Amino acid sequence: MALLPVLCYPDPRLHKVAKPVAQVDARIQKIVADMAETMYDAPGVGLAATQVDIHERIVVIDVSDDQNELMVFINPEIIWASPEKKSWREGCLSVPDYYDEVERPSEIRVKALDIGGKEFELDADGLLAVCLQHELDHLQGKVFVEYLSILKRSRISQKMKKRAKELESQR
């Protein structure tokens, strides 16, 4: 396993739309293992392949308190969303140290493949529903800050660019 570098907003690669995984094989399973290690190390509760510059439809999530219940979603798609909405304070490994309110459907149903390539469906609410929607947005090339006002997005983009320059000068 290996830690993967996480792209930071406003990196244009975060806006690439991920392609479906053709076959769940050893290569995909290694990507999943590396993504899980990266997510746990960050630490985070979810990670989409897009965030680590792999443009395939792969998501790892673990919303458990002990971070020991890894969930893998390959080629995930939302097949139902409740009309009821709920606002959650979201953060993102690609937008470090920034959190804001985003309104999303409160319940969803997702269809995906597991790490063995077997199809499954999952009903989700609460943090899991939010996390799934957030990560599936990444696969569509959308970052959560795009739900915010243009002014907030602009400020975040400027802060992230400044942070990147500071990190670069420290190397």
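See the structure shown above.
We now turn to the structure provided with this report. (Residues numbered from 1 in each chain as written. Predicted model: local features only at pLDDT ≥ 70, side-chain atom pairs only at ≥ 80, totals over all residues. Heavy atoms only, no water.)

## A short note on the packing of aromatic side chains
Between two aromatic rings, the relevant description is the distance of the centres plus the angle of the planes.
Then, in step 1: Under the criterion given, the structure shown has 1 aromatic pair.
Then, in step 2: The ring of Tyr147 carries the charged tip of Lys142 above its face, separated from the ring centre by 4.0 Å. (Phe/Tyr/Trp six-rings, centres within 6.5 Å; stacked < 30°, edge-to-face > 60°. Lys NZ or Arg CZ within 6 Å of the ring centre and 35° of its normal.)

## Here's the deal with the side chain of Gln51
Then, in step 1: Here Gln51 is to be found in the loop between β1 (46-48) and β2 (58-61).
Then, in step 2: With a relative accessible area of 1%, Gln51 lands in the buried category.
Then, in step 3: When near neighbours in sequence (up to four residues on either side) are disregarded, Gln51 contacts Pro5, Val6, Leu7, Leu14, Gly46, Cys92, Leu93, Ser94, Glu135 and His138. (Helix = DSSP H or I, 4+ residues; strand = E, 2+ residues; numbered from the N terminus. Buried < 20%, exposed > 50% of the residue type's maximum accessible area, 1.4 Å probe, protein only. Contact = heavy atoms within 4.5 Å.)

## Focus on helix α1 (residues 26-41)
Then, in step 1: The end-to-end C-alpha distance of α1 is 22 Å, a good match for the 22 Å that 16 residues give at a rise of 1.5 Å each.
Then, in step 2: Taken together, the buried positions of α1 are occupied by Ile28, Ile31, Val32, Asp34, Met35, Ala36, Thr38 and Met39.
Then, in step 3: Looking at the buried residues of α1, the elements they touch are β1, β2 and β3 (71-81).
Then, in step 4: Capping the start of α1 is the job of one residue whose side-chain oxygen sits 3.2 Å from the backbone nitrogen of Arg27: Asp25. (Expected span 1.5 Å × (residues − 1). Polar contact = N/O pair within 3.5 Å; in protein donor to acceptor, adjacent residues only side chain to side chain.)

## Some details on the pattern of salt bridges
Then, in step 1: Following the criterion strictly, the structure yields 9 salt bridges and no others.
Then, in step 2: Here Glu56 makes a salt bridge to Arg27, at a shortest N to O gap of 2.9 Å. With Glu56 in the loop between β1 and β2 and Arg27 in helix α1, this residue pair connects regions lying 29 residues apart in the sequence.
Then, in step 3: Exposure remark for Glu56: the relative accessible area of 16% places this residue in the buried category.
Then, in step 4: The closest approach of N and O atoms between Arg104 and Asp137, which form a salt bridge, is 3.0 Å. Here Arg104 is found in strand β5 (residues 95-105), whereas its partner Asp137 is found in helix α2 (residues 126-139), with 33 residues between them in sequence. By the burial criterion, Arg104 is buried, and Asp137 matches it.
Then, in step 5: Connected through salt bridges with shared partners, the residues Asp11, Arg13 and Asp53 form a single ionic network. (Salt bridge = Lys/Arg side-chain N within 4 Å of Asp/Glu carboxyl O.)

## With respect to the side chain of Ser106
Then, in step 1: Inspection of the secondary structure assignment puts Ser106 in the loop between β5 and β6 (107-113).
Then, in step 2: Only 3.3 Å separates the side chain of Ser106 from the side chain of Ser82, close enough to count as a polar contact.
Then, in step 3: The contacts of Ser106, once residues within four sequence positions are left out, are Ser82, Glu84, Lys85, Lys86, Ala124, Asp125, Gly126 and Ala129.

## With respect to α2
Then, in step 1: Over its 14 residues, α2 extends 21 Å from the first C-alpha to the last, a length consistent with the 20 Å expected when each residue adds 1.5 Å.
Then, in step 2: Most of α2 sits out of view: 12 of its 14 residues are buried.
Then, in step 3: Those residues of α2 that sit buried are Leu128, Ala129, Val130, Cys131, Leu132, Gln133, His134, Glu135, Leu136, Asp137, His138 and Leu139.
Then, in step 4: In the stretch just after α2, Gly141 is the one whose phi turns positive, near 85°.

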